[in-house]
Amino acid sequence: LSPDCSFTCHYRCRALVRLDCSGPPGAGDEDDGNEQVLEKDTNVDEPSEWEKTELDQAQVEQRIKEYNSQINSNLFMSLVRSRHGAGGVTVPCPDPTHPPTRVLQNKDGSYTGFIKVQLKLVRPVSVPATKRVPSLQAGRPHPQGVKRRTSFYLPKGTVKHLHILSHTRASEVIDALLRKFTVIDNPRKFALFERSEKDEQVYLRKLGDDEQPLRLRLLAGPSEKVLSFVLKENETGEVNWDAFTLPELHNFLLILQREEEEHVRRLRHRYARCRQKMQEAL
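By the naming in an unreviewed UniProt entry, the protein chain goes by RASF1 protein and is assigned to Oreocharis arfaki. As stated in UniProt under Subcellular location (unreviewed entry), the record for the protein chain gives "Cytoplasm, Cytoskeleton".

Structure representation (structure tokens):
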């Protein structure tokens, strides 16, 4: 391992882990550092330019066609259609043994599609772990399961695609992501951010609970530079440290120490590269 490597592993798992560190040294660190400098958080109360746009049903259909024509994958958007209700059109079934199908388009113009969410979590998340313990009562047929939890760091750059409805709220997207990774932490610990690049700057805006990510995706188009979604920790302000136990506080101190050491390492690396470029220019 490199002297700068901060890899941590349980001693029983060391023999089972293999790392590939053959990439160019410092390549990933430089990118992370640059993005940290460029990112600027904006207030959640500041309305997004996409949030101000209202579309009627005809405009929604047109936007969906334009969106689907610009993507190079099968992650299309589509209008929600129902097989029930009055009105609509009759569509013959390919199988002659089945009757024609009555297809009705929803009057509210709702639609479905995919959003891509990048997880940029600094702190570890908790997942359930069940340990079977023997029963103390003789003759009892089934042992009891004791619910426990374990914590680990999600890999950097973890990405998840979600298939959602146009009226799915940001809070529901967070819940779905946590279920996908079986994270049992309180959803209020996390927030969904809107990320955009403009004039060589990266801007982040925290979405409100009731904002609709798929609607924003449709209005912004498929470009990841114009709009992308990021899940991060929800910084809610001052923390009441008196509410935690001593072991929890010790763990927090260890995590903060690791974060501080990592931040200092990145800063030193960045300044070392700047110094090297200046010396080359001289």
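### Describing the overall build of the protein chain
A count of helical and extended segments in the protein chain gives five helices and 12 strands. The burial tally for the protein chain puts 27% of its 282 residues in the buried class. A separation threshold of at least 6 residues defines the contact pool for the protein chain, and within that pool the share at least 24 residues apart is 67%. Looking at the protein chain as shown, the accessible area adds up to about 20,100 Å², and 53% of this sits on carbon and sulfur atoms.

### Here's the deal with the pairing of strand β10 (residues 190-198)
Most of β10 is tucked away: seven of the nine residues are buried. As paired strands, β10 and strand β12 (residues 228-233) are joined by six bridges and run antiparallel to one another. Within β12, the position partnered with Arg-195 by the bridge is Ser-228. The pairing of β10 with strand β11 (residues 201-206) spans six bridges and is classified as antiparallel. The residue of β11 that forms the bridge with Glu-197 is Val-202.

### Side note on the packing of aromatic side chains
Throughout the structure, instances matching the rule amount to zero aromatic pairs. The residue whose ring lies beneath Lys-232 is Phe-193, and the NZ or CZ to ring-centre distance is 5.7 Å.

### Regarding helix α2 (residues 57-70)
Between its first and last C-alpha atoms α2 spans 20 Å; for 14 residues at 1.5 Å apiece the expected length is 20 Å, and the two agree. Burial in α2 covers these residues: Val-60, Ile-64, Tyr-67 and Asn-68. Each buried residue of α2 sits inside an arc of 95° when the element is viewed along its axis, so together they form one side. When the buried face of α2 is taken as reference, the exposed residues oriented beyond 90 degrees from it are Ala-58, Lys-65 and Ser-69. In this fold, the buried residues of α2 make contact with β2 (78-79), β6 (111-119) and α4 (213-220). The distance from a side-chain oxygen at the start of α2 to the backbone nitrogen of Ala-58 is 3.3 Å, and the residue carrying that oxygen is Asp-56.

### Topic: empty space enclosed by the protein
Per the counting criterion, the structure on display carries one cavity of 30 Å³ or more. Size it by volume and the largest cavity reaches roughly 40 Å³. If you trace the largest cavity, you find it lined by Leu-119, Leu-121, Val-125, Leu-154, Leu-177, Leu-178, Phe-181, Val-183, Phe-190 and Leu-231.

### Let's talk about the packing of α2 against α4
Two elements in contact, α2 and α4, have axes separated by 9 Å at closest approach and are oriented at 70°. Judged on the interaxial angle alone, α4 and α2 are roughly perpendicular. Contact residues: α2 offers Val-60, Arg-63, Ile-64 and Tyr-67, while α4 offers Arg-217, Leu-218 and Leu-219. Counted by class, the contact of α2 with α4 contains five nonpolar, no polar and two charged residues.

### Brief notes about the nonpolar core
Ranked by size, the top nonpolar core spans 32 residues in total, and within it Tyr-111, Ile-115, Val-117, Phe-190, Leu-192 and Phe-229 carry the most contacts. For this core, the secondary structure elements donating two or more residues are α2, β6, β9 (158-165), α3 (170-180), β10, α4 and β12. Per-element tally for this core: the top contributor is α3, with six residues. Excluding anything up to four places from it in sequence, Leu-192 contacts Val-117, Ala-170, Val-173, Ile-174, Arg-205, Lys-206, Leu-207, Pro-213, Phe-229, Val-230 and Leu-231.

### Topic: unusual backbone geometry
For Asp-199, which is not glycine, the phi torsion reads 55° and is therefore positive. Asp-199 sits in the exposed class, given a relative accessible area of 66%.

### Details of the pattern of salt bridges
Per the stated rule, a full pass over the model turns up 10 salt bridges. If you follow the salt bridges from partner to partner, you end up with Arg-169, Glu-172 and Asp-210 in one network.

### What about the environment of Lys-65?
Looking at where Lys-65 falls in the secondary structure, it is placed in helix α2. A relative accessible area of 57% places Lys-65 in the exposed class.

Calculation criteria
Residues numbered from 1 in each chain as written. Predicted model: local features only at pLDDT ≥ 70, side-chain atom pairs only at ≥ 80, totals over all residues. Heavy atoms only, no water. UniProt positions renumbered as here; feature names shortened; annotations may be inferred. Helix = DSSP H or I, 4+ residues; strand = E, 2+ residues; numbered from the N terminus. Buried < 20%, exposed > 50% of the residue type's maximum accessible area, 1.4 Å probe, protein only. Contact = heavy atoms within 4.5 Å. Areas by Shrake-Rupley, 256 points an atom, 1.4 Å probe, with all protein chains shown as cover. Pairing = 2+ DSSP bridges. Phe/Tyr/Trp six-rings, centres within 6.5 Å; stacked < 30°, edge-to-face > 60°. Lys NZ or Arg CZ within 6 Å of the ring centre and 35° of its normal. Expected span 1.5 Å × (residues − 1). Arc of directions from axis to C-beta. Polar contact = N/O pair within 3.5 Å; in protein donor to acceptor, adjacent residues only side chain to side chain. 1 Å grid on protein atoms, 1.4 Å probe; cavity = no way out; pocket = protein on both sides within 12 Å on 5 of 7 lines; lining within 4 Å. Points joined across faces, edges and corners; volume = space filled by probe spheres on them. Axes fitted to C-alpha atoms, helices over the stretch in contact; angles between N-to-C directions. Parallel < 35°, antiparallel > 145°, perpendicular 65-115°, else oblique. Nonpolar A, V, L, I, M, F, W, Y, C, P; charged D, E, K, R; others polar. Core = buried A, V, L, I, M, F, W, Y, C linked by side-chain atoms within 4.5 Å. Salt bridge = Lys/Arg side-chain N within 4 Å of Asp/Glu carboxyl O.

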